Amino acid sequence: MTTAPDSGGIPAPRTALEVPLAHGAVTVLRRHGNPRGARILLSHGNGLAADLYYPFWAQFLADFEVVVFDCRNHGWNRLGAPEHHNPRLFAEDLETLMEAMERAFGRKPCVGIFHSLSALVSLLAPSQGARFDGLVLFDPPICKPGISQVQFEAASERMVELTRRRVARFESEEQFVELAEYSPMLGNAVPEAKHLLARTTLRRRADGQGYELRCPAEYEAQAIEFVCAYAVLVDLDAMACPVKVVGADPTVPFSYLPSFDPRLVVKVDYDFLPEVGHLVPLEAPRECHALCLEFMERHGIPTRPR
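Let me sum up the structure you'll find in this document. (Residues numbered from 1 in each chain as written. Predicted model: local features only at pLDDT ≥ 70, side-chain atom pairs only at ≥ 80, totals over all residues. Heavy atoms only, no water.)

**Examining the environment of His84**
Then, number 1: By the secondary structure assignment, His84 is in the loop between strand E4 (65-68) and helix H2 (87-105).
Then, number 2: The sequence separation of His84 and Tyr219 amounts to 135 residues, and the corresponding C-alpha distance is 9.9 Å.
Then, number 3: At a separation of 3.4 Å, a polar atom in the side chain of His84 contacts the side chain of His23. (Helix = DSSP H or I, 4+ residues; strand = E, 2+ residues; numbered from the N terminus. Polar contact = N/O pair within 3.5 Å; in protein donor to acceptor, adjacent residues only side chain to side chain.)

Following this line, the structure appears as structure tokens:
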């Protein structure tokens, strides 16, 4: 396990539990918030880190137990082999992590809140949502076979090419933040997002010469390639718990991938936020918090500690 990224004001977890995964990987479950509340399990999008979303999940800390984790090869975790980096393996990891979480912290009502890549992962998990009382998914990359799949694959190929050309080394976190100012994806994010992105997705190079991405660009690109294969395999009818999807504004030009296929809205509780792009919980954290609470209340999940 690597050392934790610079906290950037994020509180230390109440508990940090190292969980061994397949192929020698280890992921750290970090337990925050109110242990008397219902549980939220939260993770992140491709190439990012759970701590980046602190401006969003901080809103739950008074009333919920919030457990966050990074997918393998992201965030707090050490870098493993690229052949063990794909959404299907991430989905198996999720099952292992939930088993470990329940053994260590006990069972209680649990809602999974996931964004982008981790949202897809939660839908691919072998238990098909049976371990959750509900899922809230922000802009998951899901599409139906047909024309939308062809368009999705074309957009993915462009994104893979752009991702592989990303700058890999940085002299300082400040240089990274300066470059992030030009990112269309971060244009509408909360003001602290760029600095949090630097602190949570960069690590000091082993030779001490500057910084590098914790999840290398090649790994990030590889995950996008796999997303194309898995995005059409999700069976929303088979999900064993209620699912809510909160999408980006479909009229806004996408800055990552064309995400949730609008033809699937009849299968889930669906909302989108006007003028919000792919980083939904970082662009509109208050609105996303309110939508999560409304979903939980509607499905009988406690939103206040007992």
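**Re the pattern of salt bridges**
Then, number 1: Within the structure shown, the criterion is met by 22 salt bridges.
Then, number 2: Between Arg39 and Glu65 there is a salt bridge, and its shortest N-O distance comes to 2.4 Å. Taken together, the residues Arg39 in strand E3 (residues 39-42) and Glu65 in strand E4 connect sequence positions 26 residues apart.
Then, number 3: Exposure remark for Arg39: the relative accessible area of 1% places this residue in the buried category.
Then, number 4: Taking the relative accessible area as the measure of exposure, Glu65 reaches 0% and is therefore buried.
Then, number 5: Via salt bridges that share partners, Glu95, Glu99, Glu102, Arg107 and Arg131 belong to a single interconnected network. (Salt bridge = Lys/Arg side-chain N within 4 Å of Asp/Glu carboxyl O. Buried < 20%, exposed > 50% of the residue type's maximum accessible area, 1.4 Å probe, protein only.)

**Some words on the sheet that holds strand E7 (residues 169-170)**
Then, number 1: One open sheet accounts for three strands, arranged E7-E9-E8; its pairing is antiparallel. Edge positions in the open sheet fall to E7 and strand E8 (202-204), since each of these has one partner strand only.
Then, number 2: Of the strand pairs in this sheet, E7 and strand E9 (residues 211-213) are connected by two bridges, and their pairing is antiparallel. Bridging across to E9, Phe170 finds its partner in Tyr211.
Then, number 3: Against the sheet, helix H6 (residues 193-201) makes contact with E8 and E9, and its axis sits at roughly 50 degrees relative to E8, the strand it touches most. (Pairing = 2+ DSSP bridges. Contact = heavy atoms within 4.5 Å. Axes fitted to C-alpha atoms, helices over the stretch in contact; angles between N-to-C directions.)

**Observations concerning the state of the cysteines**
Then, number 1: Taken as a whole, this structure holds zero disulfides when the rule is applied.
Then, number 2: For the unlinked cysteine Cys288, the closest cysteine sulfur is that of Cys292, found at 6.7 Å. (Disulfide = S-S within 2.5 Å.)

**Side note on the side chain of Asp249**
Then, number 1: Secondary-structure assignment places Asp249 in the loop between strand E10 (243-247) and strand E11 (269-272).
Then, number 2: Here Asp249 occupies a buried position and makes no salt bridge, while the nearest side chain of opposite charge, Lys244, is found at 15 Å.
Then, number 3: Residues contacting Asp249, with those up to four places away along its chain left out, are Phe272, Leu273, Pro274, Glu275 and Val276. (Lys, Arg positive; Asp, Glu negative; His and termini not counted.)

**Section: the nonpolar core**
Then, number 1: Counting residues in hydrophobic clusters, the biggest one holds 49 residues, and the most contacted among them are Leu42, Phe56, Trp57, Phe60, Ile113, Phe138 and Met296.
Then, number 2: Top element by residues in this core is helix H9 (residues 285-298). It accounts for six residues.
Then, number 3: Those residues within four positions of Met296 in sequence are excluded, and the remaining contacts are Ile40, Phe60, Phe64, Val111, Ile113, Ile301 and Thr303.
Then, number 4: Residues Cys71, Ala91, Met101 and Leu117 belong to the second largest nonpolar core, which totals 42 residues. (Core = buried A, V, L, I, M, F, W, Y, C linked by side-chain atoms within 4.5 Å.)

**Here's the deal with helix H3 (residues 117-124)**
Owing to its 3.6 residues per turn, the α-helix aligns residues three or four sequence positions apart on the same side.
Then, number 1: Within H3, eight of the eight residues are buried, which leaves the element mostly enclosed by the surrounding structure.
Then, number 2: What H3 keeps buried is the set Leu117, Ser118, Ala119, Leu120, Val121, Ser122, Leu123 and Leu124.

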